[in-house]
Amino acid sequence: QQQVKQSPQSLIVQKGGISIINCAYENTAFDYFPWYQQFPGKGPALLIAIRPDVSEKKEGRFTISFNKSAKQFSLHIMDSQPGDSATYFCAASNRGDSGAGSYQLTFGKGTKLSVIP
Amino acid sequence: GAVVSQHPSWVICKSGTSVKIECRSLDFQATTMFWYRQFPKQSLMLMATSNEGSKATYEQGVEKDKFLINHASLTLSTLTVTSAHPEDSSFYICSAPSGRSYGYTFGSGTRLTVV
């Protein structure tokens, strides 16, 4: 059972456009929702993260929108650039029964973003 | 801050040999380390969770005797792929909670190719 569903699988956006990636989750115990950027052959790098007590978080060109009632969250990349071309993963986690330090991330399947000049 | 150094970045080994992958937390103490496996064009699959000073917890379907995990200190966790076979070829990534509002820091990954 996939607990975090991500769409689209791939996305092509023109330079300067807005890239939008969506995720939906099932586990209402999740309390941390990060987005990761991964370039080929590299480990994921944290882009931006949000907690369920806010509906939106913006950092530079990256914005997370969060809808707790719908159990959905999305990543918006404004003014998309060719350097943004990468695979993006949404994820979610909860504290876990063992307390701090044991919470694991559940990842979406990823979105390959291509920004064309 | 919050860097996880993973080595080697790539390794080629012969079938039947063992390979050790190291992940070190450079500027924080990693009580927990998560080990992931990633196939091409796929998402990260959690293999196991290691906690300093205790036995690792393996996800269902992951052979604990093949993927040996040691977390002997707060700054070092290792994954040893024993008796490697070509089907073990994959991208292995470690990650640790870095203690800043649930943040997780990932290593740079290890590309394992078994020939």
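All of these numbers come straight from a predicted model, not from anything done at the bench.

Trainee: Hey, could you run me through the interface of chain A and chain B in this one?
Mentor: Where the parts come together, the accessible area they lose is often given as the size of the interface. In this complex, chain A contributes 20 residues to the contact, which on the side of chain B involves 20 residues. Regarding the contact of chain A and chain B, the summed buried area is about 1,700 Å², with carbon and sulfur atoms giving 58% of it. Where chain A packs against chain B, one counts 0 salt bridges. On inspection of chain A and its partner chain B, the count reaches 4 residue pairs in polar contact (both at pLDDT 80 or more). Mapped by element, the contributors of at least two residues to the side of chain A that touches chain B are β4 (33-38), β9 (86-93) and β10 (105-107) of chain A. For the side of chain A that touches chain B, a count of residues per class yields 7 nonpolar, 8 polar and 5 charged.

Trainee: Is there a simple way to explain the pattern of salt bridges in this structure?
Mentor: It is possible for side chains bearing opposite charge to pair when their charged atoms get close. Residue and element names in this part refer to chain B. Taken as a whole and judged by the stated rule, the model has 4 salt bridges over all chains. The salt bridge involving Arg 24 is made with Glu 22; its shortest N-O contact spans 3.6 Å. On the basis of relative accessible area, Arg 24 is assigned to the partly exposed category, the value being 36%. According to the relative accessible area criterion, Glu 22 is partly exposed, its value standing at 27%.

Trainee: Any chance you could explain the packing of aromatic side chains here in plain terms?
Mentor: Each pair of aromatic rings is reported with the distance of its centres and the angle of its planes. Residue and element names in this part refer to chain B. Inspection of the entire model under this criterion finds 17 aromatic pairs over all chains. Ring plane angle 45° and centroid distance 6.2 Å describe the contact between Phe 67 and Tyr 92, whose orientation is recorded as tilted. Taken together, the positions of Phe 67 in strand β7 (residues 67-73) and Tyr 92 in strand β9 (residues 90-97) put the pair 25 residues apart, joining distant regions of the chain. A residue is classified by how much of its surface remains accessible, and Phe 67, at 4% relative accessible area, is buried. The class for Tyr 92 is buried, based on a relative accessible area of 0%.

Trainee: How do you make sense of the sheet that holds strand β8 (residues 72-77) of chain A when you look at a structure like this?
Mentor: The strands making up a sheet associate through hydrogen bonds between their backbones, and the pairing can be parallel or antiparallel. Residue and element names in this part refer to chain A. Pairing is antiparallel across the open sheet formed by 5 strands, whose spatial order is β1-β3-β8-β7-β6. Edge positions in the sheet fall to β1 (4-7) and β6 (56-59), since each of these pairs with one other strand and no more. Across the sheet, the mean angle separating the axes of adjacent strands is 15° when strand polarity is ignored.

Trainee: Where do I start with the environment of Ile18(A) in this structure?
Mentor: All names here are of chain A. Checked against the element boundaries, Ile 18 lands in the loop between β2 (10-14) and β3 (19-25). In this structure, the C-alpha to C-alpha distance between Ile 18 and His 76, residues 58 residues apart in sequence, is 6.7 Å. When residues no more than four places from it in sequence are discounted, the contact partners of Ile 18 are Val 13, Ile 77, Met 78 and Ser 80.

Trainee: I would appreciate a short explanation of unusual backbone geometry in the present structure.
Mentor: Between Ser7(A) and the following residue, Pro8(A), the backbone shows a cis peptide bond with an omega angle of -5°. Within the secondary structure, Pro8(A) is located in the loop between β1 and β2. Residues His7(B) and Pro8(B) are joined by a peptide bond in cis, for which omega reads -5°. Positive phi values are uncommon outside glycine, yet Lys71(A) reaches one of about 55°. Tracing the backbone shows Lys71(A) in the loop between β7 (62-67) and β8. Backbone geometry at Asp79(A) places phi at a positive 45°, although glycine is not the residue there.

Trainee: Explain the environment of Gln81(A) to me, please; I cannot follow it from the model alone.
Mentor: All names here are of chain A. Residue position: Gln 81 is located in the loop between β8 and β9. Taking the relative accessible area as the measure of exposure, Gln 81 reaches 24% and is therefore partly exposed. Sequence separation of Gln 81 and Tyr 36 is 45 residues, and the distance between their C-alpha atoms is 17 Å. Here Gln 81 is in contact with Lys 15, Gly 16, Arg 61 and Val 115, once residues within four sequence places are set aside.

Trainee: In this structure, what is going on with the nonpolar core? I would like to understand it.
Mentor: For soluble globular proteins, the rule of thumb is that nonpolar side chains tend to be buried together. Grouped together as the largest cluster of nonpolar side chains are 26 residues, with contacts concentrated most on Trp35(B), Phe67(B) and Leu112(B). At the level of elements, β2 (10-13), β3 (19-25), β4 (32-38), β5 (44-51), β7, β8 (76-81), β9 and β11 (110-114) of chain B are the ones that each hand at least two residues to this core. The contact partners of Phe67(B), leaving out residues within four places of it in the chain, are Arg37(B), Met47(B), Tyr58(B), Val62(B), Leu79(B), Thr80(B), Val81(B), Asp88(B) and Tyr92(B). Among the nonpolar cores identified, the runner-up in size contains 24 residues, and Phe33(A), Leu47(A), Cys90(A) and Ala92(A) belong to it.

What counts and how
Residues numbered from 1 in each chain as written. Chains lettered and ligands numbered in written order. Predicted model: local features only at pLDDT ≥ 70, side-chain atom pairs only at ≥ 80, totals over all residues. Heavy atoms only, no water. Contact = heavy atoms within 4.5 Å. Buried area = accessible area lost by both parts, 1.4 Å probe. Salt bridge = Lys/Arg side-chain N within 4 Å of Asp/Glu carboxyl O. Polar contact = N/O pair within 3.5 Å; in protein donor to acceptor, adjacent residues only side chain to side chain. Helix = DSSP H or I, 4+ residues; strand = E, 2+ residues; numbered from the N terminus. Nonpolar A, V, L, I, M, F, W, Y, C, P; charged D, E, K, R; others polar. Buried < 20%, exposed > 50% of the residue type's maximum accessible area, 1.4 Å probe, protein only. Phe/Tyr/Trp six-rings, centres within 6.5 Å; stacked < 30°, edge-to-face > 60°. Pairing = 2+ DSSP bridges. Axes fitted to C-alpha atoms, helices over the stretch in contact; angles between N-to-C directions. Core = buried A, V, L, I, M, F, W, Y, C linked by side-chain atoms within 4.5 Å.

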